[in-house]
Amino acid sequence: MSKIGFTKKVLTVLTPVIAGSAFIAPAAEAATFARSQSDAVFSQFSIVPTFQEVFTDTQTETISANGEVSANSEASAEFIAIPPTATNFSKSEAQGSGEEYSGFGGSLAQVIGNFLMTEETASQPFAFNFELNLNLATEVDDSATETANALGEITFLLYGGTDPGNLTLLDFFTVGAELNSSNSQDFLVYNNSANVSLSNSTTFSPTFGGLTESATAFIKGSYQRNFEAGTYLTLVETKVNEVSAQAVPEPSTILAIALSGAVGAALKRHRNTKTNCE
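Residues numbered from 1 in each chain as written. Predicted model: local features only at pLDDT ≥ 70, side-chain atom pairs only at ≥ 80, totals over all residues. Heavy atoms only, no water.

Undergrad: Hey, could you run me through the overall build of the protein chain in this one?
TA: Check the secondary structure of the protein chain and you find 2 helices and 11 strands. Listed N to C, the secondary structure of the protein chain is α-β-β-β-β-β-β-β-β-β-β-β-α in terms of helices and strands. Here the protein chain holds 278 residues, and the buried ones make up 37% of them. Restricting to contacts in the protein chain with at least 6 residues of sequence separation, those with at least 24 account for 76%. (Helix = DSSP H or I, 4+ residues; strand = E, 2+ residues; numbered from the N terminus. Buried < 20%, exposed > 50% of the residue type's maximum accessible area, 1.4 Å probe, protein only. Contact = heavy atoms within 4.5 Å.)

This is the structure we're talking about:
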């Protein structure tokens, strides 16, 4: 899982500030928010799995030099054998206020199911239905000093073959989105193989640009494909959600800090010089 890093860069030029600035305006109060959330339901499997497994993971990190920041991540997953139903959920949020802070949240949820086509079950297609939800949102008050990022992806892969230790990818579906308040490279995209069918109720709703952005997707569909007896199948569905919210000082604040340090250093040198002269 990649983490959006936080780097503080300070570049100051003291001479113009001292010569031309009699007053430095106070920094504005920063406020940022980012959310990435997704869930999935797989049902109406044509056969019962021979084995099922789930996995979840979460991560949060916050740094605050002059402000308040929080990050929260949640993940859950379940695969019931009878009746075969798989569900999972993943959510990450980060928000902050102040002049200098960074918050990161990441979450992952995964379900895995193994199936075997027997002489009896191979008489009908291997099939299942699915519903997927992806919801991203970001908001900043000041794009010059604040950034809010959200990333989300849901993918399911179906592997198959006659050797359970050497399966190959047969079919897939993936939907992904990213919001980045600091640039215009937002996106909401999806892709699927031929045996994945989407219903007419599937919707994609992006709102890009400005201080508030969002990307939502509701996907309802089904999978169906015929396999010969003796075919092993493994369904792997994974969702990843990541967010970051951060603020850096405004240039006036950075210059004020630098100016204060320069003045303090000059006074210290003056005192030392005076002491030496005495």
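Undergrad: Hey, could you run me through the packing of aromatic side chains in this one?
TA: Ring pairs (aromatic) are described by centroid distance and by the angle formed between their planes. Applying the stated criterion across every chain, the model contains 17 aromatic pairs. Both rings, one in Phe126 and one in Phe128, keep their centres 5.9 Å apart while their planes meet at 65°; by these two values the pair is edge-to-face. Aromatic rings pair up to connect Phe42, Phe45, Phe79, Phe115, Phe126, Phe128, Phe130, Phe156, Phe173, Tyr190, Phe204 and Tyr223 into one cluster. (Phe/Tyr/Trp six-rings, centres within 6.5 Å; stacked < 30°, edge-to-face > 60°.)

Undergrad: Got a minute to help me understand the pattern of salt bridges in this structure?
TA: For side chains bearing opposite charge, pairing can occur when the charged atoms are close. A full pass over the atoms with the stated rule returns 4 salt bridges. Between Lys220 and Glu131 there is a salt bridge, with the nearest N and O atoms lying 4.0 Å from each other. Placement of Lys220 in strand 10 (residues 212-225) and of Glu131 in strand 4 (residues 126-140) is noted, with a sequence separation of 89 residues between them. Relative accessible area serves as the criterion here: at 36%, Lys220 is assigned to the partly exposed category. Relative accessible area serves as the criterion here: at 34%, Glu131 is assigned to the partly exposed category. (Salt bridge = Lys/Arg side-chain N within 4 Å of Asp/Glu carboxyl O.)

Undergrad: Could you clarify how one ought to interpret the pairing of strand 3 (residues 85-116) in this entry?
TA: For a regular strand, the rule is simple: side chains alternate between the two faces of the sheet. The buried fraction of strand 3 is high, at 23 of 32 residues. Examined bridge by bridge, strand 2 (residues 51-80) and strand 3 share 29 bridges and lie antiparallel to one another. Looking at the pairing, Glu74 lines up with Lys91 of strand 3. Count of turn residues in the strand 2/strand 3 antiparallel hairpin: 4 residues. Across 16 bridges, strand 3 lies against strand 11 (residues 232-247) in antiparallel orientation. Across the sheet, the residue bridging to Phe104 is Ser244, located in strand 11. (Pairing = 2+ DSSP bridges.)

Undergrad: Looking at this model, I keep getting lost on the side chain of Ser193. Mind explaining?
TA: Within the fold, Ser193 resides in the loop between strand 7 (187-192) and strand 8 (196-198). Taking the relative accessible area as the measure of exposure, Ser193 reaches 11% and is therefore buried. Beyond its immediate stretch of four places on either side in the chain, Ser193 contacts Asp171 and Phe172.

Undergrad: Can you walk me through unusual backbone geometry in this structure?
TA: Most peptide bonds take the trans configuration, and most residues that are not glycine carry a negative phi. The omega torsion across Ile82 and Pro83 is -10°, close enough to zero to call that bond cis. You can see Pro83 is positioned in the loop between strand 2 and strand 3. For Gln44, which is not glycine, the phi dihedral falls at a positive 55°. The residue Gln44 is located in the loop between strand 1 (30-43) and strand 2 in this model. What makes Gln44 exposed here is its relative accessible area of 59%.

Undergrad: Can you walk me through the side chain of Gln110 in this structure?
TA: Mapped onto the secondary structure, Gln110 falls in strand 3. Separated by 2.8 Å, the side chains of Gln110 and Thr238 make a polar contact. The contacts of Gln110, once residues within four sequence positions are left out, are Glu53, Val54, Phe55, Ala77, Asn88, Val236, Glu237 and Thr238. (Polar contact = N/O pair within 3.5 Å; in protein donor to acceptor, adjacent residues only side chain to side chain.)

Undergrad: Explain the pairing of strand 7 here, please?
TA: Strand direction decides the pairing type here: strand 6 (residues 168-180) and strand 7, joined by 6 bridges, are antiparallel. Looking at the pairing, Phe173 lines up with Asn192 of strand 7. Here strand 6 hands over to strand 7 after 6 residues, the two strands then running antiparallel side by side.

Undergrad: It is not clear to me how the nonpolar core should be interpreted in this structure. Could you clarify?
TA: Side chains of nonpolar character tend, in soluble globular proteins, to be buried together. Counting 38 residues, the largest nonpolar core has Phe42, Phe126 and Phe128 as its most contacted members. Those elements that provide at least two residues to this core are strand 1, strand 3, strand 4, strand 5 (146-161), strand 6, strand 10 and strand 11. Sort the elements by how many residues they give to this core and strand 4 lands first, with 7 residues. Beyond its immediate chain neighbours, meaning those up to four positions away, Phe42 contacts Pro84, Thr85, Ala86, Phe128, Asn129, Phe130, Leu132, Phe156, Leu235 and Glu237. (Core = buried A, V, L, I, M, F, W, Y, C linked by side-chain atoms within 4.5 Å.)

Undergrad: What is the right way to read the environment of Ala71 from this model?
TA: Along the polypeptide, Ala71 turns up in strand 2. For Ala71, a relative accessible area of 22% puts it in the partly exposed group. Between the C-alpha atom of Ala71 and that of Ser244, which follows or precedes it by 173 residues, the distance is 8.4 Å.

Undergrad: Would you take a moment to explain the environment of Met117 for this structure?
TA: Along the chain, Met117 turns up in the loop between strand 3 and strand 4. Residue Met117 is classed as buried on the basis of its relative accessible area, which comes to 1%. Linking Met117 and Phe227, residues 110 residues apart in sequence, is a C-alpha distance of 7.0 Å. Every residue in contact with Met117, bar those within four places of it in the chain, is listed here: Ile47, Ala122, Gln124, Phe126, Phe227, Glu228, Ala229, Gly230, Thr231 and Leu233.

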